[in-house]
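# Structural characterization, general
Take a look at the letters that make up each chain.
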Amino acid sequence: MNNNAAAVLLMLSALAAGKEVVVSRGELVEIGGSFRVPDVMKQGGARLVEVGTTNKTHPRDYEEAIGPETGALLKVHRSNFRLEGFTAEVSVAELARIAHRHGLPCLVDWGSGVMLDLSRYGLPHEATMPELIAAGADLVTFSGDKLLGAPQGGFIVGRRDLVERCRRHPLTRAVRVDKLTLAGIEATLKLYLEPERAAERIPAVRMLTASREQIAPRAEALAGKLRAAGIACEVIDGVSRAGGGALPGVDLPTRLVAVAHPAPQEVEARLRAFDPPVMVRIQAGLLLLDPRTLWDDELDVVVSALRSAIV
Ligand SMILES: *Cc1c(COP(=O)(O)O)cnc(C)c1O
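This write-up is about the structure you can find in this document. (Residues numbered from 1 in each chain as written. Predicted model: local features only at pLDDT ≥ 70, side-chain atom pairs only at ≥ 80, totals over all residues. Heavy atoms only, no water.)

## Re the site of the ligand
Keep this limit in mind: Whether a residue is near a molecule or strand depends on its heavy atoms: it is near if one of them lies within 4 Å of it. In the analysis that follows, any N or O atom pair within 3.5 Å is treated as a polar contact, provided that within protein one partner can donate a hydrogen and the other can accept it, and provided that, for residues neighboring in sequence, both atoms belong to side chains. Only the protein chains shown count as cover for residues, with accessible areas throughout obtained via the Shrake-Rupley method and a probe of 1.4 Å. Working definition: helices are DSSP H or I runs of at least four residues, strands are E runs of at least two. Numbering for both runs from the N terminus. When residues are sorted by character, Ala, Val, Leu, Ile, Met, Phe, Trp, Tyr, Cys and Pro go into the nonpolar class, Asp, Glu, Lys and Arg into the charged class, and all the rest, Gly among them, into the polar class.
Near the ligand the following residues occur: N3, N4, A5, I31, F35, V76, H77, S79, D109, G111, S143 and K146. N4 is positioned with one of its backbone polar atoms (N or O) 2.8 Å from an oxygen atom of the ligand. Take D109: an N or O atom from its side chain is 2.6 Å from a nitrogen atom of the ligand. Protein contact buries 88% of the 380 Å² of open area that the ligand shows by itself. Of all elements in the fold, only α1 (4–16) and β6 (106–111) reach the threshold of two or more residues within the shell around the ligand. Each residue belonging to the shell around the ligand can be placed in one class, and the counts come to 4 nonpolar, 6 polar and 2 charged.

## Quick notes on the packing of helix α11 (residues 212–228) against helix α13 (residues 299–309)
Inclusion rule: Angles shown run from 0 to 180 degrees and are taken between the N-to-C directions of axes, each axis being a line fitted to C-alpha atoms and, for helices, limited to the stretch in contact. Angular relationships are summarised with four words: roughly parallel below 35 degrees, roughly antiparallel beyond 145, roughly perpendicular across 65 to 115, and oblique for the angles in between. Left-handed describes a crossing in which the near helix is turned anticlockwise from the far one by less than a right angle; the clockwise case is right-handed. Only heavy atoms matter for contacts: two residues are in contact if any of them lie within 4.5 Å across the pair.
Between α11 and α13, the shortest axis-to-axis distance is 10 Å and the interhelical angle comes to 40 degrees. Taken together, α11 and α13 sit at an angle that is classed as oblique. For the pair α11 and α13, the sense of crossing is right-handed. Where α11 abuts α13, its residues R218, A221, L222, K225 and L226 lie against L299, D300, V302, V303 and L306.

## Observations regarding the environment of L83
Put simply, the test is: Relative accessible area decides the class of each residue, using a 1.4 Å probe on protein chains only: under 20% of the type maximum gives buried, over 50% gives exposed, and in between gives partly exposed.
Following the sequence through the fold, L83 ends up in the loop between β5 (70–76) and α4 (92–101). On the basis of relative accessibility, which here comes to 25%, the residue L83 falls in the partly exposed class. Separated by 48 residues in sequence, L83 and F35 have C-alpha atoms that sit 20 Å apart. The contact partners of L83, leaving out residues within four places of it in the chain, are T54, N55 and R78.

## Quick word on the packing of aromatic side chains
Our working definition: Any pair of Phe, Tyr and Trp rings, taking the six-membered ring for Trp, is counted once the centres come within 6.5 Å. Such a pair is stacked with planes under 30 degrees apart, edge-to-face with planes over 60 apart, and tilted for the rest. For a Lys NZ or an Arg CZ to count as sitting over a ring, it must be within 6 Å of the ring centre and within 35 degrees of the ring normal.
Applying the stated criterion to the full structure yields 1 aromatic pair. Ring geometry for F142 and F155: centres 4.6 Å apart, planes at 5 degrees, overall stacked. Pair noted here: F142 is in strand β7 (residues 139–143) and F155 is in strand β8 (residues 154–158), with a separation of 13 residues, a long-range link. The two residues F142 and F155 agree in class, both being buried. For K56, the ring lying beneath its charged end belongs to F86, and the centroid distance is 3.6 Å.

## Focus on α4
This is how it is decided: The arc in question is formed by the directions pointing from the helix axis toward the C-beta atoms.
Within α4, the full set of buried residues consists of V92, L95, A96, I98 and A99. The arc that holds the buried residues of α4, viewed along the axis, is 165 degrees, so those residues lie on one side. Away from its buried face, by an angle of more than 90 degrees, α4 presents the exposed residues R97 and R101. At the exit of α4 stands G103, carrying a positive phi of roughly 70 degrees.

Okay, structure coming up:
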């Protein structure tokens, strides 16, 4: 599909139209744009049955909500916020057991589509697609262009008969992707056949998994070039954030290049308007450049941008 929103809409339309779909109140999220779980549910023709509370949902909450009208149990990844404190949620494995005991499918909207074990890179573990399927999820949907690092797209993976029902739905043609996107997605997925290579070769994954030690030399190189161009700067420790509805609240340690300027907002605006745009952030009055998302051969462009932005 052309994005995960379309994947969720199609999955619900094909499997749960006219039926009830049970979702935890802690997972009725808004992702950005106008993707809100209750709205997508309505659009897909399913009736939302909310269970649990904002902070806690228990297995018995799902059990008690299941009746003759129930079409599926749905789990939604929170994606862009975190729930901390007095909380409880039902895992995909547990939800799948409950669903299967009642002859229902366990559907999962996992959002980011992470395929690698991120804990190997010092990040919090996120269940990967293969782990969700192994845990018993019948269908999982996810985006191509979040943690997967592929072109924009939406996936529905899982049980063959259910995927086939989605494929045969009239909506499928309306939300299908073009051949160029498919080629890009195929090329990205092939890299995952060798996980080490995927982390190295897929730009988004490489940037997310880069350690502070890997980023430090690039920060030093950028600082050296800026000083040579007459721009004073310092290299300091800092953190990067993933954004884009993935890894909420997770700090990725990085090295930053800090530039002092009396009017940082104006410099920031000029950098953003530069061709190509250079995105920085301002903290404690300092312009901060995070080389995590730069390639080595892009440093000169950043230097030119700063030279024209600092007047
Ligand atoms: C990002 C996200 C979506 C929407 O995905 P798009 O590919 O941007 O349409 C839907 N559900 C969840 C849980 C998400 O994280």
